[in-house]
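Secondary and tertiary structure notes
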Amino acid sequence: MAKKNQTLGEFIIENQTEFKYSSGELSRLINSIRLAAKVVNHEVNKAGLVDIIGAAGETNIQGEDQQKLDVYANDKFIQTLTNRNIVCGIGSEENDDFIAINSSDDKNQNKYVVLIDPLDGSSNIDVNVSVGTIFSIYRRVTPVGTPVTIDDFLQKGDQQVAAGYVIYGTSTMLVYTTGHGVNGFTLNPAIGTFYLSHPNMQFPEVGRIYSINEGNYAHFPQGVKDYIKYCQEEKEDRPYTSRYIGSLVSDFHRNLIKGGIYIYPQTSKAPNGKLRLLYECNPMAYLAEQANGLATDGFQRIMDIKPTELHQRVPIFCGSRKMVEKAKEFMKNSQEK
Ligand code: AHG
Ligand code: MN
Ligand code: MN
């Protein structure tokens, strides 16, 4: 039972038994993500100081080379998961290929692989707007004790055992699911502890926010143009309001709380959309469905798509159930015309 103000550590221990194959391994993994999130949070929070600290040379106060924050976040998550010997493989938006951990060491009995977008919305860092980290966890499909292969990463989203995000916002939150609803924890920065602040998060069934980069309007498919027109019509409950931050994590988080739809469709310039199936769309789709929302590529469920490559892109429509259904209807109708 989720209790408000419970710490994330307490929550993980208390809910460990509800995992399908409970051995404590998944709990330790989520604990590692919690730790890496705190380290990255600390760095993100002083991002504005980087120029001041680093002005004299290109080095920071510890004498290390200054790194771009997405590289820093990538390194921290990979280091934490590798050092604690907690996973058998990692796939990251920032790396061309997946990383096999202890692949030559048959003592590695770890069962889980992690996929991450270490810093989502990184173009917003320079302007002090919220960014995030997205993660997704699967059980490997190849035998334990052997090196991981691409098959362990190219699993359908409905095979996820956990997924979540960290939002480095006005406060820092970790929001995640292990298939038993979605819970949100807020970091108390003074003591470095996450507390359960948003138990059992649910998308309102109908929302009034649509989030899409309308600058690409001319390149949208007709169904998306029609849906936008629908959102803007003067009706009893419309026009809806438009909100677009340009950080998927932040746009999703706001819509989850207030009710809304996030769309990154295919465009004539990007025929598969922009967002990555494995690092962005699947984890958000899992969270959306666990929070009574939906996620489709405009036609089919995101989590039913069988990935064919690590960095595959797909269009995404996700958020409040009724809104996603409506957008899907417009996509279907425009195809039939
Ligand atoms: P990332 O910073 O990990 O590359 O992701 C950016 C993504 C996503 O967060 C955001 O919603 C989208 O790109 C914004 O794209 P546009 O600038 O094309 O709207
Ligand atoms: Mn991203
Ligand atoms: Mn990223």
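Nothing here was measured: the structure is a model prediction, and the numbers come from that model.

1. What to know about the site of ligand 1
- What surrounds ligand 1 is a group of 16 residues, the closest being Asp120, Gly121, Tyr244, Tyr262 and Tyr264.
- In the model, an oxygen atom of ligand 1 is placed 2.8 Å from a nitrogen or oxygen of the Gly121 main chain.
- Taking Tyr262, its side chain carries an N or O atom lying 2.6 Å from an oxygen atom of ligand 1.
- Coverage of ligand 1 by the protein amounts to 80% of the 480 Å² it exposes when considered alone.

2. Some details on the sheet that holds strand E9 (residues 209-211)
- A sheet is described by the order of its strands in space; here five strands give the open sequence E10-E9-E11-E13-E12, paired in mixed fashion. Only two strands of the sheet have a single neighbouring strand rather than two, namely strand E10 (241-242) and strand E12 (293-296).
- The sheet contact formed by strand E11 (residues 260-264) and strand E13 (residues 316-320) spans four bridges and is antiparallel. If you follow Ile261 over to E13, its bridge partner there is Gly319.

3. Examining the nonpolar core
- With 41 residues, the main nonpolar core has Tyr165, Phe252, Met284, Ile302 and Ile316 as its most contacted residues.
- In terms of residues, this core owes the most to one element, helix H7 (residues 277-290), which gives nine residues.
- Looking at this core, you find at least three residues from each of domain 1 (8-198) and domain 2 (209-336).
- Residues contacting Ile302, with those up to four places away along its chain left out, are Leu277, Cys281, Asn282, Ala285, Ala295, Thr296, Asp297, Val314, Pro315 and Ile316.
- Residues Tyr72, Phe77, Val114 and Val161 belong to the second largest nonpolar core, which totals 40 residues.

Conventions used here
- Residues numbered from 1 in each chain as written.
- Chains lettered and ligands numbered in written order.
- Predicted model: local features only at pLDDT ≥ 70, side-chain atom pairs only at ≥ 80, totals over all residues.
- Heavy atoms only, no water.
- Near = heavy atom within 4 Å.
- Polar contact = N/O pair within 3.5 Å; in protein donor to acceptor, adjacent residues only side chain to side chain.
- Areas by Shrake-Rupley, 256 points an atom, 1.4 Å probe, with all protein chains shown as cover.
- Pairing = 2+ DSSP bridges.
- Helix = DSSP H or I, 4+ residues; strand = E, 2+ residues; numbered from the N terminus.
- Core = buried A, V, L, I, M, F, W, Y, C linked by side-chain atoms within 4.5 Å.
- Buried < 20%, exposed > 50% of the residue type's maximum accessible area, 1.4 Å probe, protein only.
- Domains from an automatic or database assignment.
- Contact = heavy atoms within 4.5 Å.

By themselves, these observations are geometric and do not establish any function.
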